[in-house]
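Structural features, examined
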Amino acid sequence: QIAAVLALHGGDLQLGGFKAISSRAAAHLARHRGRLHLHGVSALSIAAAAALGRRQGLLCLRDVRRLSAGQAAGLSRHRGALLFHSLEIDDVVAAHLARHEGSLSARADDGIPPARLRLLMQHVGQVALTGLATIDERRAAVLAEQRLWHDAPGMSGLFLNDVTRLTPAAAGRLATHRAGGLSLNGLKLLSEDVASRLLPHPLLCLDGVKSVTDRVAAVLAEHQGGVLSLKGLERVSRAAVERLRGNPGIELPRRLCEPGSRPAAAGGKLSREAMIRVIDDLVRRGERMLGQIGRAHV
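Reading guide: rules and limits
- Along each chain, residues carry numbers from 1 onward, in the same order as the chain's sequence is written.
- Two thresholds apply to this predicted model, a pLDDT of at least 70 for residue-level local features and 80 or more for giving and counting side-chain atom pairs, whereas whole-chain, interface and lining totals are computed over all residues.
- Water and hydrogen atoms play no part in the side-chain values, which are based on all heavy atoms of the structure.
- Should a side-chain nitrogen of Lys or Arg be within 4 Å of a carboxyl oxygen of Asp or Glu, the pair is scored as a salt bridge.
- Helix and strand definitions follow DSSP, with helices as H or I runs of at least four residues and strands as E runs of at least two, each counted in order from the N terminus.
- The pLDDT score gives, residue by residue, the confidence of the prediction method on a 0 to 100 scale.
- It only takes one pair of heavy atoms within 4.5 Å for two residues to be counted as in contact.
- Strands qualify as paired when DSSP identifies two bridges or more between them.
- Crossovers are described as right-handed under a simple rule: with the strands pointing away from the observer, the path leading from the first strand over the helix to the second runs clockwise.

**Thoughts on the pattern of salt bridges**
A complete count under the given rule lists eleven salt bridges for this structure. We note a salt bridge from Lys231 to Glu251, for which the minimum N-O separation is 3.3 Å. Here the residue Lys231 occupies a position in the loop between strand S12 (227–229) and helix H11 (238–245), and Glu251 occupies one in strand S13 (residues 250–251), the gap between them amounting to 20 residues. Through salt bridges with shared partners, a single network forms among Lys210, Glu234 and Arg235.

**Details of the confidence of the model for the protein chain**
Considering every residue of the protein chain, the mean pLDDT works out to 85; 82% of them sit at 70 or more. The lowest-confidence element of the protein chain is helix H12 (residues 272–296), averaging 49 in pLDDT; the highest-confidence one is helix H8 (residues 168–174), averaging 98. Scored below 50 in pLDDT, residues 259–271 shows 30 contacts in the model against residues more than four places distant or in partner chains. Below a pLDDT of 50 lies the segment residues 289–298, which in the model reaches five contacts outside its immediate sequence neighbourhood of four places, other chains included.

**Focus: the sheet that holds strand S8 (residues 156–159)**
One open sheet accounts for eleven strands, arranged S1-S2-S3-S4-S5-S6-S8-S10-S11-S12-S13; its pairing is parallel. Taken across any chain shown, the strands that pair with only one partner, and hence form the sheet edges, are strand S1 (13–14) and S13. Two elements, strand S3 (residues 59–61) and strand S4 (residues 79–84), share three bridges in a ladder whose sense is parallel. Paired with Leu59 across the bridge in S4 is Leu82.

**Details of the pairing of strand S10 (residues 180–183)**
Where S8 lies against S10, four bridges are found, and the strand directions are parallel. Residue pairing in the sheet places Ser156 in a bridge with Gly180 of S10. Of the crossover connections in this fold, the one passing from S10 over helix H9 (residues 192–198) to the parallel strand S11 (residues 203–205) is right-handed.

Here's what the structure looks like:
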């Protein structure tokens, strides 16, 4: 079979031409250890989902729109990055996805019930939620409770890169998040209130912010966590740049850094594909670190 041959491939597989996948083909592809993109598949049988759930490594099911309880249960056993773009998540699917371990990318609209969001936040690993443009204080509090990666703070992360508007109250709730990095690259502008409320988060990514006032820069310059990324800055005064440069934990675009001060990549919002690579890389590094910690205590 074609799937059996493709499973032997040592690199990534982009199989956008598959409109459906049989359980037998899925069983062959489950042996593939690279990144597997099944972009053309819009539905899975329970047997195919169970087969794919036995594989490890990135699995992208971009066009799958619905999962039954049985299908979601099968996929929940998958280990690695599990990526959806079109999936309509109900409470049953959310409960099963919460048992998945690795990293999860899924779509959630602004009206997602807090109880359903709480289920997703029980997932073990990084979570990227697309489709959320606004977050109220209640949902922000739920998001801030994201489960730690094997009880280790800082090893996971939350990607909310479609959020374009954030109230100070919601920002304050999100700042209590401690599972790992918090990415809010959809924010283009920051008010003083939002900036000050987000500031307590130790690993904060705001690469979508294009400009800051001198007063907002003064607030951000007081960040005391591990990293505050502002790599998308384009319009900022000299005085504001000097303030931000004075904090070694703040990452700026290369052109705003003094020669030899510290490396920084060019700014800009990550593409979806780049975000997927970042999630996958962080998860693998976290797994290696946790393994080392575990061996050290044996």
